[in-house]
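Overview (structure and organization)
So the chains spell out like this:
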Amino acid sequence: MSEAQAPSMNVGSPDAPSVAVIIPAAGSGQRFGATTNKLFALLDGQPLWLHSVRRLRQNPMVGSIVMAVSDQDRVHFENDHAADLRTYEVQLVRGGTERSDSVQSALGYLADAKERLVAVHDAARPLIRQRDLDAVFTAANQTGAAILTVPVSGTVRRDLGERTETVDRRHLHIALTPQVFEAGLLRSAYAKHNGRPATDDAELVERCGHPVTLVCGGTDNLKITYPEDLIVAEAILRSQLAQDA
Ligand SMILES: Nc1ccn([C@@H]2O[C@H](COP(=O)(O)OP(=O)(O)OP(=O)(O)O)[C@@H](O)[C@H]2O)c(=O)n1
Ligand SMILES: C[C@](O)(CO)[C@H](O)COP(=O)(O)O
């Protein structure tokens with residue numbers, strides 16, 4: 001069950017979806033601790049990955065959707081979820097060792113895509129709201145690069161080994177997804193990626209010297225990382241459905 005039909009703002013021509021979506025889904029879910037990919041865990045009876053796909057497909061600005069999956073999961077997707085992949089028009093591509101490798105693989109598949117923007121959204125973030133999608137799509141349409149973030153809510157400390165120090169959190173944000181970019185900019189950033197680790201896509205764009213707009217998003221845009229996150233996600237989903245009822 002996806003978010004109730006919250007009307008999403010159309011930020012462009014309703015006839016020409018302008019956002020291609022890459023969904024990295026090829027991780028191993030080590031921190032989740034399951035024997036299978038955490039993205040097959042059920043939230044309200046549906047696998048996590050399907051919640052993310054359905055919410056993205058629900059947005060009128062979304063055109064192509066490409067999901068990067070591991071070789072061992074591909075059989076599961078194709079055997080057990082072929083109908084859903086067809087229904088939501090999702091293309092599968094081979095993921096890679098790192099998240100950035102998976103995104104780069106999907107970018108290659110989108111080489112001839114017609115959409116002006118490319119959004120990268122973790123399959124592990126099933127609770128993304130339409131209003132957050134609209135906001136980050138609009139911002140990226142204006143600036144060429146925009147990501148959803150939330151402010152740091154706790155106190156942050158840096159471990160220096162022999163001592164620790166408190167970090168001023170007033171200018172600190174936690175990056176979320178979608179991370180949305182003008183297609184050529186993201187391709188250029190990945191073309192220059194020399195393998196130096198990057199845990200998100202915005203870092204690669206920043207390395208090219210392009211500013212990234214931070215868009216304050218909902219704290220309910222949880223990334224399912226640890227088993228207990230699923231319990232929290234169930235509560236958030238119930239709250240979202242109640243709000244949108
Ligand atoms: N090589 C990888 C690693 C991660 N991901 C995807 O990137 C998203 C965010 O990654 P994370 O939450 O860290 O997932 P895992 O890498 O699976 O988790 P862990 O680090 O605990 O193994 C997830 O949707 C994951 O499937 C991916 O497509 N390819
Ligand atoms: C992209 C991301 O979700 C932004 O917070 C995060 O960096 C993914 O990191 P992970 O280690 O792959 O979960």
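Summary of the structure given here. Worth saying up front: this structure is predicted, and the values here are computed from it rather than measured.

Another aspect to go through is the side chain of aspartate 200. Here aspartate 200 lies in the loop between helix 6 (183-191) and helix 7 (201-207). For aspartate 200, which is buried and forms no salt bridge, the nearest opposite charge comes from arginine 99, at a distance of 6.5 Å. In this structure the side chain of aspartate 200 is engaged in a polar contact, spanning 3.0 Å, whose partner is the side chain of glutamine 179. A distance of 3.0 Å separates the side chain of aspartate 200 from the backbone nitrogen of glutamate 203, its partner in a polar contact. Leave out the neighbours within four places in its chain, and aspartate 200 touches Arg99, Ala175 and Gln179.

Once that is clear, we can look at the packing of helix 4 (residues 99-109) against helix 6. Relative placement of two packed helices is described by the angle separating their axes and the distance separating the axes. For the pair helix 4 and helix 6, interaxial distance at closest approach is 11 Å and the crossing angle is 130 degrees. Judged by the inter-axis angle, helix 4 sits oblique to helix 6. Here helix 4 runs over helix 6; the crossing is left-handed. Side by side, helix 4 and helix 6 meet where Ser100, Val103, Gln104 and Leu107 of the first sit next to Leu186, Arg187 and Tyr190 of the second. Residue composition of the contact of helix 4 with helix 6, grouped by class: four nonpolar, two polar and one charged.

Turning to the site of ligand 2, a few remarks are in order. Around ligand 2 sit Arg31, Arg99, Asp122, Arg125, Ala175, Thr177, Thr199, Asp200 and Lys223, and those are all the residues in its vicinity. One nitrogen or oxygen atom from the side chain of aspartate 122 is found 2.5 Å from an oxygen atom belonging to ligand 2. The contact in question runs from an oxygen atom of ligand 2 to an N or O atom on the backbone of threonine 199, over 2.7 Å. In isolation ligand 2 offers 350 Å² of accessible surface; the protein chains occlude 75% of this area. Its residues placed into classes, the shell around ligand 2 shows one nonpolar, two polar and six charged.

Our focus in this paragraph is the environment of serine 188. Tracing the chain through its elements places serine 188 in helix 6. For serine 188, a relative accessible area of 28% translates into the label partly exposed. Separated by 20 residues in the primary sequence, serine 188 and cysteine 208 have C-alpha atoms spaced 8.3 Å apart.

Turning our eyes to something else, we now look at the pairing of strand 1 (residues 19-24). Among the six residues in strand 1, six count as buried, and that is most of the element. Of the two faces of strand 1, the one carrying Val19, Val21 and Ile23 and the one carrying Ala20, Ile22 and Pro24 are both buried. Where strand 1 lies against strand 4 (residues 62-69), five bridges are found, and the strand directions are parallel. Within the sheet, the bridge partner assigned to isoleucine 22 lies in strand 4 and is valine 66.

What counts, and where the lines are drawn
- Residues numbered from 1 in each chain as written.
- Chains lettered and ligands numbered in written order.
- Predicted model: local features only at pLDDT ≥ 70, side-chain atom pairs only at ≥ 80, totals over all residues.
- Heavy atoms only, no water.
- Helix = DSSP H or I, 4+ residues; strand = E, 2+ residues; numbered from the N terminus.
- Buried < 20%, exposed > 50% of the residue type's maximum accessible area, 1.4 Å probe, protein only.
- Lys, Arg positive; Asp, Glu negative; His and termini not counted.
- Salt bridge = Lys/Arg side-chain N within 4 Å of Asp/Glu carboxyl O.
- Polar contact = N/O pair within 3.5 Å; in protein donor to acceptor, adjacent residues only side chain to side chain.
- Contact = heavy atoms within 4.5 Å.
- Axes fitted to C-alpha atoms, helices over the stretch in contact; angles between N-to-C directions.
- Parallel < 35°, antiparallel > 145°, perpendicular 65-115°, else oblique.
- Left-handed = near helix turned anticlockwise from the far one by under 90°.
- Nonpolar A, V, L, I, M, F, W, Y, C, P; charged D, E, K, R; others polar.
- Near = heavy atom within 4 Å.
- Areas by Shrake-Rupley, 256 points an atom, 1.4 Å probe, with all protein chains shown as cover.
- Pairing = 2+ DSSP bridges.

Purely geometric numbers; function is a separate question.
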